[in-house]
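The chain contents come next:
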Amino acid sequence: MIVVRMNLLILVTLIKLGEGTHAFLDLLKEAEYEPNSEPITFHRRGTSRPAPSDKLPVLDLIENPSSMFDPPESELNHRKLRKALGRDFDSEYMGIGRPIIAVFQPNGTVTVKKRKGRPKGRRPDYIQNVGKPIRYGNQMRLPGLNVNRRTKRKIKKYMWNYTHCPVVYAWKDLGIRFWPQWIKEGHCYNGRSCSIPPGMSCRPTGSETRTIFRWHCPLNKKGQLMKCKWIRIQYPIITECSCSC
Ligand SMILES: *[C@@H]1O[C@H](CO)[C@@H](O)[C@H](O)[C@H]1NC(C)=O
Ligand SMILES: *[C@@H]1O[C@H](CO)[C@@H](O)[C@H](O)[C@H]1NC(C)=O
């Protein structure tokens, strides 16, 4: 008899980088992978720069189309599942049904965390030099911006706005093999460059994970379906973007 060890079923690797703020889902696969079984594989969305931050948002899962891998109606008792998820259920990021906003704003909503009309967080260092004289060593010095303080402050605020990278949140339908089926994902807006001159773009620099259920159907050595069940998995969500190379 094959002993199925819970901790081997799905391996979700969160790799922390540099300052520890970057985290991403590296892979979600069946560790007890059998040659005949269909492994759970992700494919990457968008461009393929090899930077780790490009691994978020989570890649779309290539699912086995067979309905054998779907949870039966009897296993889709929302009340029971809601109770089983317990405190991990986060209504801000999870939806059992399609959220209304996902109907009207399928492309997501831009969320700028503001404080006193400025993007929240520390002001980027380079902004403090905006308007100051421009020096090239001792050889040359170009004058600073000859405008009043109020205007200078306005220009700095504008620059801060211009280079700020808000998170765009959009609801995603994960399908019935996940519970809850809807998750609010973060994306970094990339419709324009965030730098002057252009060149840099908004990339994920922060993420959090949420725990949800995955209907998991392991296969044995002979490729036969074993008992399916709900297991917990970690789903990463981008919560912060920054302007970078
Ligand atoms: C969402 O994006 C698509 C393609 O980028 C666009 O065609 C569509 O009009 C957008 N929908 C809304 C409601 O903004
Ligand atoms: C910066 O953006 C905020 C909205 O996040 C806006 O209210 C404010 O007027 C902008 N400031 C400038 C100087 O563009």
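Located above this text is the structure these notes cover.
## Concerning the pairing of strand β11 (residues 167-173)
Then, number 1: The element β11 is extensively covered by neighbouring structure, given that 6 of its 7 residues are classed as buried.
Then, number 2: Across 3 bridges, the pairing between strand β6 (residues 109-111) and β11 is antiparallel. Looking across to β11, one finds that T109 is bridged to Y169.
Then, number 3: Relative to strand β13 (residues 182-188), β11 runs antiparallel, the two being bridged by 7 bridges.

## Examining the sheet that holds β11
Then, number 1: Spatially, the 4 strands line up as an open sheet ordered β5-β13-β11-β6, and their pairing is antiparallel. The open sheet is flanked by β5 (94-95) and β6, the only strands paired with a single partner.

## Concerning the state of the cysteines
Then, number 1: As enumerated under the stated definition, the model contains 4 disulfides in all.
Then, number 2: In the protein, the bonded cysteines, numbered by position in the sequence, are linked as 1-4, 2-7, 3-8, 5-6.
Then, number 3: For the unlinked cysteine C245, the closest cysteine sulfur is that of C243, found at 8.2 Å.
Then, number 4: Judged by relative accessible area, C245 falls into the exposed class, the value being 66%.

## Considering the environment of P133
Then, number 1: In this fold, P133 is placed in the loop between β8 (118-119) and β9 (134-136).
Then, number 2: Considering only alpha carbons, one finds P133 and L145, 12 residues apart in sequence, at a separation of 7.3 Å.
Then, number 3: Not counting chain neighbours up to four residues away, the residues in contact with P133 comprise R141, L142, P143 and G144.

Conventions adopted
Residues numbered from 1 in each chain as written. Chains lettered and ligands numbered in written order. Predicted model: local features only at pLDDT ≥ 70, side-chain atom pairs only at ≥ 80, totals over all residues. Heavy atoms only, no water. Buried < 20%, exposed > 50% of the residue type's maximum accessible area, 1.4 Å probe, protein only. Helix = DSSP H or I, 4+ residues; strand = E, 2+ residues; numbered from the N terminus. Pairing = 2+ DSSP bridges. Disulfide = S-S within 2.5 Å. Contact = heavy atoms within 4.5 Å.

That's the geometry; what it means functionally is another story.
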